[in-house]
Amino acid sequence: MLMTKKSRFGSFVTSSGGEENPTPEQGVPTPAALMPEPGPAAPLIPQAPAREERRAFSTRVRPSQKAALDVFVMDLKRAGWPISQEAVLEELLRLLQEDEYTRATITQRLTRL
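The sections below set out a description of the structure shown in this document. (Residues numbered from 1 in each chain as written. Predicted model: local features only at pLDDT ≥ 70, side-chain atom pairs only at ≥ 80, totals over all residues. Heavy atoms only, no water.)

## Examining the overall build of the protein
In plain terms, the rule: Think of it this way: any DSSP run of H or I at least four residues long counts as a helix, any run of E at least two long counts as a strand, and we number them from the N terminus. Per-residue accessibility takes into account occlusion by the displayed protein chains alone, with areas from the Shrake-Rupley method and a 1.4 Å probe.
Across its full length, the protein holds five helices and zero strands. Here the protein has roughly 11,900 Å² of accessible surface; of this, 59% comes from carbon and sulfur atoms.

## Details of the layout of surface pockets
To keep things clear, this is the line we draw: Using a 1 Å grid laid over the protein atoms alone, points where a 1.4 Å probe fits but cannot get out form a cavity; open sets with protein on both sides within 12 Å along at least 5 of 7 lines form a pocket; any residue with an atom within 4 Å of a point counts as lining. Grid points are joined across faces, edges and corners, and a volume is the space filled by probe spheres set on the points. When residues are sorted by character, Ala, Val, Leu, Ile, Met, Phe, Trp, Tyr, Cys and Pro go into the nonpolar class, Asp, Glu, Lys and Arg into the charged class, and all the rest, Gly among them, into the polar class.
The calculated volume of the largest pocket comes to roughly 1,800 Å³. The wall of the largest pocket is formed by 34 residues, among which Val88, Leu89, Glu90, Leu92 and Leu93 lie closest to the centre. Secondary structure elements with two or more residues in the lining of the largest pocket: helix H3 (63–78), helix H4 (85–98) and helix H5 (100–110). In terms of residues, the lining of the largest pocket owes the most to one element, H4, which gives 14 residues. Taken together, the residues of the lining of the largest pocket break down into 16 nonpolar, five polar and 13 charged.

## A few points about the pattern of salt bridges
Oppositely charged side chains can form a pair if their charged atoms are brought close together. The line we're drawing: Definition used for salt bridges: Asp or Glu carboxyl oxygen within 4 Å of a side-chain nitrogen of Lys or Arg. Each residue is placed in one exposure class: buried if its accessible area under a 1.4 Å probe, protein chains only, is under 20% of its type's maximum, exposed if it is over 50%, and partly exposed if it falls in between.
Counting across every chain of the model gives five salt bridges. Of the charged contacts in the structure, one is a salt bridge between Glu90 and Arg54, with a shortest N-O distance of 2.8 Å. Taken together, the positions of Glu90 in helix H4 and Arg54 in the loop between helix H2 (31–34) and H3 put the pair 36 residues apart, joining distant regions of the chain. Arg54 gets classed as exposed once you look at its relative accessible area, which sits at 56%. Arg94 is paired through a salt bridge with Glu91; the nearest N and O atoms lie 2.0 Å apart.

## A closer look at the packing of H3 against H4
We apply this condition: An axis is simply a line fitted to the C-alpha atoms; with a helix, the fit covers only the stretch in contact. Between two such axes, the angle follows the N-to-C directions and lies from 0 to 180 degrees. Orientation is classified from the angle alone, with under 35 degrees giving roughly parallel, over 145 giving roughly antiparallel, 65 to 115 giving roughly perpendicular, and any other angle giving oblique. Any two residues whose heavy atoms approach within 4.5 Å are treated as being in contact.
Put simply, H3 and H4 touch, their axes get as near as 10 Å, and they point 110° apart. The pairing of H3 with H4 is recorded here as roughly perpendicular in orientation. Note on element contacts: H4 touches H3 through Gln85, Val88 and Leu89, opposite Lys66, Leu69, Asp70, Phe72, Val73 and Leu76. Looking at the contact of H3 with H4, its residues break down into six nonpolar, one polar and two charged.

## So, a nonpolar patch on the surface
Inclusion rule: Patch membership needs two things, relative accessible area over 30% and no salt bridge, and members are linked within 9 Å if like-charged or within 5 Å if nonpolar (Val, Leu, Ile, Met, Phe, Trp, Tyr).
A contiguous nonpolar surface patch, about 360 Å² in accessible area, is contributed by Leu93, Leu96, Ile106 and Leu110. At the level of elements, H4 and H5 are the ones that each hand at least two residues to the nonpolar patch. Topologically, Leu110 is positioned in helix H5. Owing to a relative accessible area of 69%, Leu110 belongs among the exposed residues under this scheme.

## What about the packing of H4 against H5?
Remark: H4 packs on H5, axes separated minimally by 5 Å, with the N-to-C direction vectors making an angle of 100°. It follows from the interaxial angle that H4 and H5 lie roughly perpendicular. Residue-level contacts link Leu95, Leu96, Gln97 and Glu98 of H4 to Glu100, Thr102, Arg103 and Ile106 of H5. A breakdown of the residues in the contact of H4 with H5 according to their chemical character gives three nonpolar, two polar and three charged.

Below, the structure written as structure tokens:
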């Protein structure tokens, strides 16, 4: 008696009807059935900015201004934001660089006679 090993997945892969091209009525999913239905559009994920080299920025400031920075950073941290003084200063400098109104306001304040 010769024993042959029966295929585990044979009944799923081969058709029992002997037809070469089964129709959708026979249970074979069509390509359209395999595509997910369109849902809400996924939010666009912006590309991360390139990291710039950082350099030390050491300057002397009035103690009252330093205290205001400390309080602001601590308020952000208490609210759950992991913000550093460096991040706040970088944002202030970025605002100065990018916002014409901010530049005009600072220029006006610095050049008052």
